[in-house]
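If you want the building blocks of each chain, they are given just below.
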Amino acid sequence: MSYAVLFSGQASQHPDMLPWLESAPAAAESLRLMSQRIGADWRDLLHDAKRRSDNAFAQVLITGTSLAAWAAVKEQLSAQPAVVAGYSVGELPAFACAGVFTTDQALTLASQRAAVMDQAVAGLKTGLLSVSGLSEAAVFAACTGLHIECAIQVNASQAIFAGTDEALSQATLALQANGAVCKRLEVQVASHSSWMAPAAHAFAVSLQEVPFAPPCCPIALNALGALSRKPIELRQALSQQIASTVQWSSCMEAVAEKQVSCVLEVGAGSALGRMWNDRYPAIPARSLDDFQHLQGAMDWIARHTDT
């Protein structure tokens, strides 16, 4: 029996996330490295909505807390995951989980990624809009004349769109009139869109400075919607995803094809777990953030695996 690990992306971080994290000894080193970059008072800072959605803070936070949580989980498991995937910035902890680079390198890359993304839209107000209840084609038909792009493909009737604040506000009105459910995400840049082309190029340059080791398991890549264990493909895909649509629907399909017995979401919130359970109800998924104590998560994993 095997398991998969999915690493959460941005927009679900909250002050009470992973309440057991600081009490897990194995998490301490990752938290120390993260705190050096964003401060040890990160939980208090999460009460501030503006700070919570600030890339420079959020991307390092997501990477650091995810890897701290994974360190605590990994310590109690006897087997490596059969496959891993990360949602948006969650690819950084996913790559580190699979041994491609270290936690410290992942945190440095998170900081660099946030900086080049902010620079790409400096002076522009941009963001992301989650849309449910309409197909991608129907969204674009309802938003004729508005410059929005599909940033993340979730399923046939749910996707996340990138654009300027003005375009997303107009799109929200048009889409709600067509029966869609719309929600602006706590992200201040038009991630995974053509606005990010300069950021993708700059991040690719940064990645050339980082040695990539072969991963211990396949990684489902956002940019390709397919599995890979080849360092050259991993390096290219990690920068490419910043400015291209995240093929999350295809990533989930690639993970499911590994025939895992359960799926664990590592990070804040439970969005990925819900997406998975909606699509693959026969393969149970839970988020670490569902549990008040680490042992509860370990008991759940044990019920579904031989580890």
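Small disclaimer: the values here were computed from a predicted structure and weren't measured. (Residues numbered from 1 in each chain as written. Predicted model: local features only at pLDDT ≥ 70, side-chain atom pairs only at ≥ 80, totals over all residues. Heavy atoms only, no water.)

A. Representation of the state of the cysteines within the structure. Enumeration according to the criterion identifies zero disulfides in this entry. Considering cysteine sulfurs only, C143 is the nearest to C182, which forms no disulfide, with 8.0 Å between them. Unpaired in terms of disulfides, C262 finds its nearest cysteine sulfur in C97, a separation of 14 Å. Given the relative accessible area of 1%, C262 is considered buried. (Disulfide = S-S within 2.5 Å. Buried < 20%, exposed > 50% of the residue type's maximum accessible area, 1.4 Å probe, protein only.)

B. Broad picture of helix 13 (residues 294–304). Taken residue by residue, helix 13 has L294, A297, M298, W300 and I301 as its buried positions. Looking down the long axis of helix 13, one finds its buried residues gathered within 160° of arc, a one-sided arrangement. The inward-facing, buried residues of helix 13 contact helix 4 (55–74), strand 9 (262–266) and strand 10 (285–287). (Helix = DSSP H or I, 4+ residues; strand = E, 2+ residues; numbered from the N terminus. Arc of directions from axis to C-beta. Contact = heavy atoms within 4.5 Å.)

C. Molecular detail of the nonpolar core. Of all hydrophobic cores here, the largest spans 101 residues; its most connected members are W42, F101, W248 and W276. At ten residues, the largest contribution of residues to this core is made by helix 4. (Core = buried A, V, L, I, M, F, W, Y, C linked by side-chain atoms within 4.5 Å.)

D. Up close: the pairing of strand 1 (residues 3–7). In terms of burial, strand 1 is largely enclosed, as five of its five residues are buried. Burial along strand 1 is two-sided: the residues Y3, V5 and F7 and A4 and L6 are all buried. Sheet topology note: the strand 1/strand 9 ladder contains five bridges and is parallel. The residue bridging V5 from the neighbouring strand is L264, located in strand 9. Across four bridges, the pairing between strand 1 and strand 2 (residues 83–86) is parallel. Residue pairing across strands places L6 opposite A85, the latter belonging to strand 2. (Pairing = 2+ DSSP bridges.)

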